[in-house]
Amino acid sequence: MAKEFLTAESAPGQNHENPGAKSSTTNVVVDESVAYLLMPLQETVIFPGMIVTLPVENSAIASAIEEMLPSQRQIVLAALKNGRNDASGPEDLHRVGAICRVMQMMRRNETLVLAVEAQDRVSLEHLHQREGFWQVNIRRLESTSPPVSDQYWQAAVRNLRDSALRLVRNSEAVPKEAEPVVQNFSIANTGLLTDFLAANLALSFEQKQGLLEETQVVRRVDKLQKFLNEQLHITDLQAKLREDVKTEFTEAQRRAFLREQLRAIQKELGEDDGSDSKVADLESKIAEAKLPEAAQKQADRELRRLQQLSPSSPEYSVIVDYLETVASLPWSKMSEDQLDLARAQEVLDRDHYGIEKIKRRIIEYLAVRKLNPTGRGPILCFLGPPGVGKTSLGQSIATALGREFIRIALGGARDEAEIRGHRRTYIGAMPGRIIQELRRAGTRNPVIMLDELDKLGADFRGDPASALLEVFDPRQNNSFVDRYLDLPFDLSQVVFIATANMIEPIPAPLRDRMEVIRLAGYTPDEKRHIAERYLIPRQLQENGVTAEQCEWTSAALQLVIDGYTREAGVRNLEREIGSVARASAASIARGDLSSTAIDENAVKQALGPVRFESEKKIRQSAPGVVNGLAYTPVGGEVLHIEAIRFPGKGGFALTGQLGDVMKESVKAAESLVRSRAEKLGINPEDFTRYDVHLHVPAGAVPKDGPSAGVAMFTALASLFSDRPVNNEVGMTGEITLRGLVLPIGGLKEKTLAALNAGVKTVLIPRQNEKDIPELAEQVKSGLKIIPVDTVDEVLEHALLSGEQSDRPRHPH
């Protein structure tokens, strides 16, 4: 609906069509005996003096108007009450409307459109229903106002006009064209002024209808003055807020705003090729990202270059990709840490069984974070065999902290650009994995797990481990520079967690930057608890079987642990449990059983014959046979070192795929036994009369390291002295040519392997005695751990007398 308003010059004393006529708002000819056509309006109020264009959508009213014109050019407009769509009766209409003169009639798209001039207020007296429309008898309503000479009235009118002018000048919601119109109204035309203001101000429908029904001009002035005062107060507050915001309006935001304005102008002129739209969009994103000063300068520089390039230029897309990457990084976005220590402990206990030392370390970090929120993130390294829960522990840490979790697999990575990214000079360049993952996470303080750190490689493309030196240094990573960004990015709030199976492949400078936390393998008792609490419920759920349909017995679970798995972790254990669960699910799905109890027979039926026999069944106390303890990437292991002698010329054979270090340990053990031949009761001539063959079983598996020196010495001493070694004793330690026993690593894993193999006593170097408190309680209670200083003490605890041997004595 289009609308205009009579100006002050034409309204008071002359009609805009006939300059000599009297004002239409004061001397309108109204015949109260005539029934005028009524046109209802939805939530629209027409005031005297308005010129409006109205579409007539009611076909019956449109036909009636066409029939009555040109003989009758006056119709009545009245507003429907709220919520009404049509006038079904007098109760649906407001009783005060406006009589209007039809100035023009036209058709647009088959719809009748009227241009009408509102002439005066009228009261709807009698309504007459016709076919599809109403006719109404009306009564003209006179507007009364105080005399022009009344000084109070003059002051009120002048105050109203000044307030209206002030609102027009200060408010963007009122058209500026209204200012001269308001200025030209005289006090004699106050009624028309109030109608003009009521029509043009942002009043509600009820407020406008109330002003139309008000015939006392004084009251209309009072109501409008109150509304104007409210609007002026709001306008002043808006101006103050704009002024306050202006101080926070950064240069980048101002440029983005002006760029958007320029784009709109160019679009109107038909000069917009889309490039300015892209630049404006990038400027807006960069402004929202709240970049640091250095990054903002770089982004502005690239934006200026982009403005000078054509979209068809090859460099255009490179700069756009770069700026989009910069704008999408979480420069200032951080997730809020959840520092509830009790909740964090609950999450860790819920997700993981045991590993109390690691849980304690995580709680300590949370406590420090709570006391010092600005502290740097730790660099942790979880070291342990596969399947002990290193990766899932990282997820639990993120959950406990309430942070995003990111996992980056480093296994097999050989390119330094994986960490630092590519320079933008290369085609297809992109940021490194760390920046990419931060971009996806949307926060700059996630928990990032760098998985399989010990599997990193190095070739002509660089060394990724060296690139991680800056990432893992808490005093340097607050300004980590990715080659693609070429900007410093703050990584100091990131919690980095690395995982590895072996510490040796990790370069020493990188190890020095991490806090290494060792995760030993699980004891059989711990495996049983983990299986009952986590593995069995998860596998039952994945295979669509309920706990009531598939109930495990303790004996069956123990059989799977002892007879079908030989690992430090629980990965294969879960796989075997899943195989048994699938076999039960198949029986239930076929309808053979509605439920089943998983016992030892069911396990053997699903998994086949037992794969691993107990170590106790294959061990014997015999000369030259020793239980050595080794540490491998998959956990601890018991090595059954075997040595035999046979007539020869003093030859020495080694088999079992031994590494150079282990071969040297054998040579040192041989020299030590020869030097102590008299003390050990060995005939020195035996060394030249016999050939010796020393073998370490599992010949397909490479073996190396110095910690088997004690076992090698014991095997040779036992062989040549013809005294059997106690098969319930295991040992580990490096030896010297003076007979000293030196410390070793991997004590947790080695003692755990000894416990699982049924060994009763373990001999360890005295200098490893400090590590005993960190062993699992089940290990400390199930093993007799004896620290030794020399090989003499080893032989004292390991060798048996001849009568205790399980084999006949070896002949000289």
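## Some words on the overall build of the chain
Check the secondary structure of the chain and you find 29 helices and 25 strands. Accessible area for the chain stands at about 39500 Å²; split by element, carbon and sulfur atoms hold 49% of it.

## Some remarks on the nonpolar core
Nonpolar side chains tend to gather and get buried jointly when the protein is soluble and globular. One finds Ile-75, Leu-77, Val-116 and Leu-197 to be the most contacted residues of the largest nonpolar core, which totals 58 residues. Element by element, the count of residues in this core is highest for helix H2 (residues 151–170), at seven residues. When sequence neighbours within four positions are dropped, the list of residues in contact with Val-116 reads Met-50, Ile-51, Val-52, Leu-54, Ile-75, Leu-77, Cys-100, Arg-101, Val-102 and Met-103. Ranked by size, the runner-up nonpolar core spans 53 residues in total, among them Ile-419, Leu-438, Ala-465 and Phe-496.

## Regarding the packing of helix H11 (residues 341–351) against helix H12 (residues 356–371)
The angle between the axes and the distance between the axes are what describe a pair of packed helices. Running from amino to carboxyl end, H11 crosses H12 at an angle of 155°, the nearest separation of the two axes being 10 Å. For the element pair H11 / H12, the angle class is roughly antiparallel. By crossing handedness, the relation of H11 to H12 is classed as right-handed. Mapping the contact onto sequence places Leu-341, Ala-344, Gln-345, Leu-348 and Asp-349 in H11 and Lys-359, Ile-362, Ile-363, Leu-366 and Ala-367 in H12. Of the residues that constitute the contact of H11 with H12, the class distribution is seven nonpolar, one polar and two charged.

## With respect to the packing of helix H9 (residues 293–307) against helix H10 (residues 314–328)
Their axes nearest at 10 Å, the elements H9 and H10 cross at an angle of 155°. In terms of orientation, H9 lies roughly antiparallel with respect to H10. Like other packed secondary-structure pairs, H9 and H10 cross with a definite hand, here left-handed. Judged by residue contacts, Gln-298, Ala-299, Glu-302, Leu-303, Arg-305 and Leu-306 of H9 engage Glu-315, Tyr-316, Ile-319, Val-320, Tyr-322 and Leu-323 from H10. Across the contact of H9 with H10, the residue classes tally to eight nonpolar, one polar and three charged.

## Quick notes on the packing of aromatic side chains
Applying the stated rule across the entire model yields four aromatic pairs. Here the guanidinium or amino end of Arg-424 rests over the ring plane of Tyr-322, the centre of that ring lying 3.7 Å away. A cation over an aromatic ring shows up here: Arg-645 above the ring of Tyr-690, its NZ or CZ 4.6 Å from the ring centre.

## Here we look at the layout of surface pockets
Quantified by volume, the second largest pocket comes out at close to 780 Å³. Together, 36 residues line the second largest pocket, and Ala-630, Tyr-631, Gly-745, Gly-746 and Lys-750 are the ones closest to its centre. Going through the elements one at a time, strand S17 (625–632), strand S18 (635–647) and helix H27 (747–756) are the ones with two or more residues in the lining of the second largest pocket. It is S17 that contributes the most residues to the lining of the second largest pocket, five residues altogether. Tallied by class, residues from the lining of the second largest pocket come to 17 nonpolar, seven polar and 12 charged.

## Things to note about unusual backbone geometry
Positive phi outside glycine occurs at Lys-290, with the angle close to 55°. With respect to the secondary-structure elements, Lys-290 resides in the loop between helix H8 (275–289) and H9. On the basis of relative accessibility, which here comes to 61%, the residue Lys-290 falls in the exposed class. Positive phi, normally seen in glycine, also occurs at Asp-486, with a value near 55°. Of note, Asp-486 is situated in the loop between strand S11 (480–482) and strand S12 (487–489).

## Some words on the side chain of Thr-190
For Thr-190, the location among the structural elements is in helix H4 (residues 190–200). Not counting the four nearest positions on each side in its chain, Thr-190 is found in contact with Trp-153, Val-157, Val-217 and Val-221.

## Brief notes about the side chain of Asp-120
Looking at the element boundaries, Asp-120 is found in strand S6 (residues 111–129). By relative accessible area, which is 4% here, Asp-120 ends up buried. A polar contact of 2.7 Å, which involves the side chain of Asp-120, links it to the side chain of Arg-140.

## Things to note about the pattern of salt bridges
Tallied over the entire structure, the rule returns 41 salt bridges. With a closest N to O distance of 3.0 Å, Asp-451 and Arg-407 form a salt bridge. Taken together, the positions of Asp-451 in strand S10 (residues 447–451) and Arg-407 in strand S9 (residues 405–409) put the pair 44 residues apart, joining distant regions of the chain. Note on Asp-451: relative accessible area 5%, which makes it buried. Among the charged side chains, a salt-bridge network with shared partners connects Glu-302, Arg-305, Glu-315 and Arg-424.

## Description of the pairing of strand S4 (residues 74–79)
Here S4 lies mainly inside the structure; six of its six residues are buried. Residues Gln-74, Val-76 and Ala-78 line one face of S4 and the alternating positions Ile-75, Leu-77 and Ala-79 line the opposite face, and both faces are buried. As judged from the five bridges shared by strand S2 (residues 36–41) and S4, these two strands associate in the parallel manner. If you follow Pro-40 over to S4, its bridge partner there is Ala-78.

## Things to note about the pairing of S9
Where burial is concerned, the two faces of S9 differ: the one with Ile-406 and Ile-408 is buried and the one with Phe-405, Arg-407 and Ala-409 is not. Looking at chain direction, S9 and S10 are connected through five bridges and run parallel. From the neighbouring strand, Ile-408 faces S10, where its bridge partner is Leu-450.

## Points about the environment of Leu-658
The topology assignment puts Leu-658 in the loop between strand S19 (652–655) and helix H23 (660–675). Setting aside anything within four residues of it in sequence, one finds Leu-658 in contact with Lys-663, Val-696 and Lys-703.

## Quick look at the sheet that holds strand S14 (residues 515–518)
The strand order S9-S10-S13-S8-S14 describes an open sheet built from five strands, whose pairing is parallel. Both edges of this open sheet fall to S9 and S14, since each of them pairs with a single strand only. Geometrically, the sheet is characterised by an average inter-axis angle of 20° between neighbouring strands, direction not taken into account. Strand direction decides the pairing type here: S10 and strand S13 (residues 495–500), joined by four bridges, are parallel. Bridge pairing links Val-447 to Val-495 in S13.

## With respect to H10
Its 15 residues place the ends of H10 22 Å apart at the C-alpha level, agreeing with the 21 Å of an ideal helix rising 1.5 Å per residue. When H10 is considered as a whole, its buried residues turn out to be Tyr-316, Ile-319, Val-320, Tyr-322, Leu-323, Thr-325, Val-326 and Ala-327.

## Topic: the environment of Gln-338
When you line up the elements, Gln-338 lands in the loop between H10 and H11. Placed 63 residues apart in sequence, Gln-338 and Leu-401 show a C-alpha to C-alpha distance of 5.1 Å.

## Thoughts on the confidence of the model for the chain
Confidence in the prediction of the chain, expressed as mean pLDDT, is 82, and 89% of residues score 70 or more. For the stretch residues 807–812, pLDDT sits under 50, and the model shows 13 contacts to residues farther than four places along the chain or on other chains.

## Things to note about the environment of Lys-278
With respect to the secondary-structure elements, Lys-278 resides in helix H8. Residue classification places Lys-278 among the partly exposed residues on the basis of a relative accessible area of 26%. Between the alpha carbons of Lys-278 and Val-320 there is a distance of 8.4 Å; along the sequence they are 42 residues apart. With residues up to four places along the chain from it excluded, the contact list for Lys-278 reads Tyr-316, Val-320 and Glu-324.

Rules of the game
- Residues numbered from 1 in each chain as written.
- Predicted model: local features only at pLDDT ≥ 70, side-chain atom pairs only at ≥ 80, totals over all residues.
- Heavy atoms only, no water.
- Helix = DSSP H or I, 4+ residues; strand = E, 2+ residues; numbered from the N terminus.
- Areas by Shrake-Rupley, 256 points an atom, 1.4 Å probe, with all protein chains shown as cover.
- Core = buried A, V, L, I, M, F, W, Y, C linked by side-chain atoms within 4.5 Å.
- Buried < 20%, exposed > 50% of the residue type's maximum accessible area, 1.4 Å probe, protein only.
- Contact = heavy atoms within 4.5 Å.
- Axes fitted to C-alpha atoms, helices over the stretch in contact; angles between N-to-C directions.
- Parallel < 35°, antiparallel > 145°, perpendicular 65-115°, else oblique.
- Left-handed = near helix turned anticlockwise from the far one by under 90°.
- Nonpolar A, V, L, I, M, F, W, Y, C, P; charged D, E, K, R; others polar.
- Phe/Tyr/Trp six-rings, centres within 6.5 Å; stacked < 30°, edge-to-face > 60°.
- Lys NZ or Arg CZ within 6 Å of the ring centre and 35° of its normal.
- 1 Å grid on protein atoms, 1.4 Å probe; cavity = no way out; pocket = protein on both sides within 12 Å on 5 of 7 lines; lining within 4 Å.
- Points joined across faces, edges and corners; volume = space filled by probe spheres on them.
- Polar contact = N/O pair within 3.5 Å; in protein donor to acceptor, adjacent residues only side chain to side chain.
- Salt bridge = Lys/Arg side-chain N within 4 Å of Asp/Glu carboxyl O.
- Pairing = 2+ DSSP bridges.
- Expected span 1.5 Å × (residues − 1).
- pLDDT = per-residue confidence, 0-100.

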